[in-house]
Amino acid sequence: EDSRIALPIGTTLDRYIKKKQDEFQFATGELSQLLRDIALAGKVVNREINKAGLINIVGAIGTQNVQGEDQQKLDVLANIRFTRALSKGGEACAVISEEDDEIVDLNNEGRYVIAIDPLDGSSNIDVNVSIGTIFSIFRRVTPVGSPIQEIDVLQKGSEQVAAGYLLYGSSTMLVYTTGHGVNGFTYEPSLGEYFLSHPNMSIPEQGKIYSINEGSYNSFPEPVKKYVEHCKESGHSARYIGSLVADFHRNLLKGGIYIYPQTAKDANGKLRLMYECNALAFIIEQAGGLASTGTQRILDIEPNELHQRVPFFVGSKDMVEKAESFFN
Ligand code: P6P
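Note that the structure is predicted; figures quoted are calculated from it, not measured.

Another aspect to go through is the packing of helix 2 (residues 29–51) against helix 3 (residues 73–89). Running from amino to carboxyl end, helix 2 crosses helix 3 at an angle of 155°, the nearest separation of the two axes being 9 Å. In terms of orientation, helix 2 lies roughly antiparallel with respect to helix 3. Note on packing geometry: the crossing formed by helix 2 with helix 3 is right-handed. Side by side, helix 2 and helix 3 meet where Leu34, Asp37, Ile38, Ala41, Gly42, Val44, Val45, Glu48 and Ile49 of the first sit next to Leu74, Leu77, Ala78, Arg81, Phe82, Ala85, Leu86 and Gly89 of the second.

Below, the structure written as structure tokens:
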């Protein structure tokens with residue numbers, strides 16, 4: 001928590017980014033511009049999501065992404081919007097996305113690499129459940145101007161320079177960290193501005209909410225079954241929206257744990273390390289929580305594949321530690 005920059009609630013995102021940049025002499029304008037580019041794309045996607053029911057852009061378009069999941073029209077659109085905004089912004093030189101099998105080389109002199117899930121939970125669009133965008137920002141490793149290589153994108157989560165998510169819910173929010181705490185901004189569509197609404201976010205160390213799809217209970221590893229039983233014995237509330245960003249955000253505000261463990265269907269869990277778990281792990285640690293596979297800190301994992309999946313335990317410190325204790 002950095003008291004130097006306690007800006008009043010209602011500060012706009014632009015003013016906040018500028019203030020933070022001034023405060024941290026090492027902060028270069030590129031990262032600020034990159035955050036602005038992402039925020040702008042979020043405004044465009046937000047508008048398309050809000051219109052989805054009216055102009056018939058919901059529903060699968062028949063193509064599938066690398067995960068073999070039906071691509072909903074909106075997640076294809078969101079991928080185009082974010083990739084185009086990043087390409088035009090010029091600060092990012094490469095993107096890895098849930099929607100693209102391979103690395104997208106933006107062929108520019110940008111110093112940053114983005115890992116993004118442009119619209120997670122897109123199967124929830126048709127039923128009007130909140131959905132989200134998740135992003136991680138890394139510095140490229142190879143020299144600017146040289147061809148992008150896998151080592152530029154397959155970096156440990158602890159190498160992130162920034163991470164965040166957009167939540168398209170009853171209101172649309174942008175929540176992000178640059179390693180100096182977590183701040184939440186609420187979007188006001190009539191003004192086209194994001195306003196600081198949740199300064200210095202921190203997750204309660206204790207929580208009474210557990211989020212897990214108990215439909216897969218029978219195939220959970222024993223330690224996970226034991227932890228679920230512990231939650232029931234403790235009288236915790238089960239809350240599972242089935243949209244990762246929505247479940248994560250609620251737990252960040254109220255305290256809680258979200259778990260997507262190994263199951264019979266997904267031997268390493270369903271969620272992807274590079275563009276889902278790493279970003280949320282960075283955010284939760286900056287907010288005083290924890291994120292692990294049950295046995296390993298998410299941010300310490302050396303990635304070996306763009307779309308690799310990992311088991312994911314994220315949330316209140318005491319709850320994650322309790323879940324981990326069943327693995328020992
Ligand atoms: P399940 C949505 O498809 C998603 O990627 C996350 O947003 C969500 O938390 C999870 O999968 C839900 O998966 O297997 O419980 O339906």
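Within this structure's numbering, the places UniProt gives as "binding site: Mg(2+) 2" (unreviewed entry) are Asp117, Asp120 and Glu276. Maximum C-alpha separation among the annotated residues is 8.5 Å over a sequence range of 160 residues, consistent with a single clustered spot. Among the residues examined, Asp117 registers a relative accessible area of 0% and is labelled buried. Setting aside its immediate chain neighbours within four residues, Asp117 contacts Glu98, Gly132, Thr133, Ile134, Tyr275 and Glu276. Here Glu276 is in contact with Glu98, Asp117, Asp120, Ile134, Leu244 and Leu271, once residues within four sequence places are set aside. From its side chain, Glu276 meets the backbone nitrogen of Arg272 in a polar contact 2.7 Å long.

The phi dihedral of Asn107 is positive, around 50°, even though this residue is not glycine. Within the fold, Asn107 resides in the loop between strand 4 (104–105) and strand 5 (112–120). Taking the relative accessible area as the measure of exposure, Asn107 reaches 66% and is therefore exposed. The backbone of Asn200 sits at a positive phi, close to 45°, despite the residue not being glycine. As for its placement among the helices and strands, Asn200 is situated in the loop between strand 10 (193–198) and strand 11 (209–211).

Right, let's get into the sheet that holds strand 13 (residues 257–260). Pairing in this open sheet of five strands is mixed, and the strands run 12-11-13-15-14 from one edge to the other. Strands at the two margins of the open sheet, each flanked by one partner only, are strand 12 (237–238) and strand 14 (290–292). Both strand 11 and strand 12 contribute to a ladder of two bridges, which runs parallel. Considered in strand 12, the bridge of Ile209 is made with Ser237. Each of strand 11, strand 13 and strand 15 (312–315) is contacted by helix 6 (residues 244–254), which is oriented at about 165° to strand 11, the strand it contacts most. Along the sheet face, helix 7 (residues 273–286) touches strand 14 and strand 15 and points at about 30° away from the line of strand 15.

The strand order across the open sheet built from eight strands is 4-3-5-6-7-8-9-10, with neighbouring strands paired in mixed fashion. Among the strands making up the open sheet, the edge pair consists of strand 4 and strand 10. Pairing of strand 6 (residues 131–139) with strand 7 (residues 162–168) involves seven bridges; the strand directions are antiparallel. Bridge pairing in strand 7 places Phe135 opposite Gly164. Contacts from helix 3 reach strand 3 (92–97), strand 4, strand 5, strand 6 and strand 7, with the element oriented near 160° to strand 5.

Reading the values: the criteria
Residues numbered from 1 in each chain as written. Predicted model: local features only at pLDDT ≥ 70, side-chain atom pairs only at ≥ 80, totals over all residues. Heavy atoms only, no water. Axes fitted to C-alpha atoms, helices over the stretch in contact; angles between N-to-C directions. Helix = DSSP H or I, 4+ residues; strand = E, 2+ residues; numbered from the N terminus. Parallel < 35°, antiparallel > 145°, perpendicular 65-115°, else oblique. Left-handed = near helix turned anticlockwise from the far one by under 90°. Contact = heavy atoms within 4.5 Å. UniProt positions renumbered as here; feature names shortened; annotations may be inferred. Buried < 20%, exposed > 50% of the residue type's maximum accessible area, 1.4 Å probe, protein only. Polar contact = N/O pair within 3.5 Å; in protein donor to acceptor, adjacent residues only side chain to side chain. Pairing = 2+ DSSP bridges.

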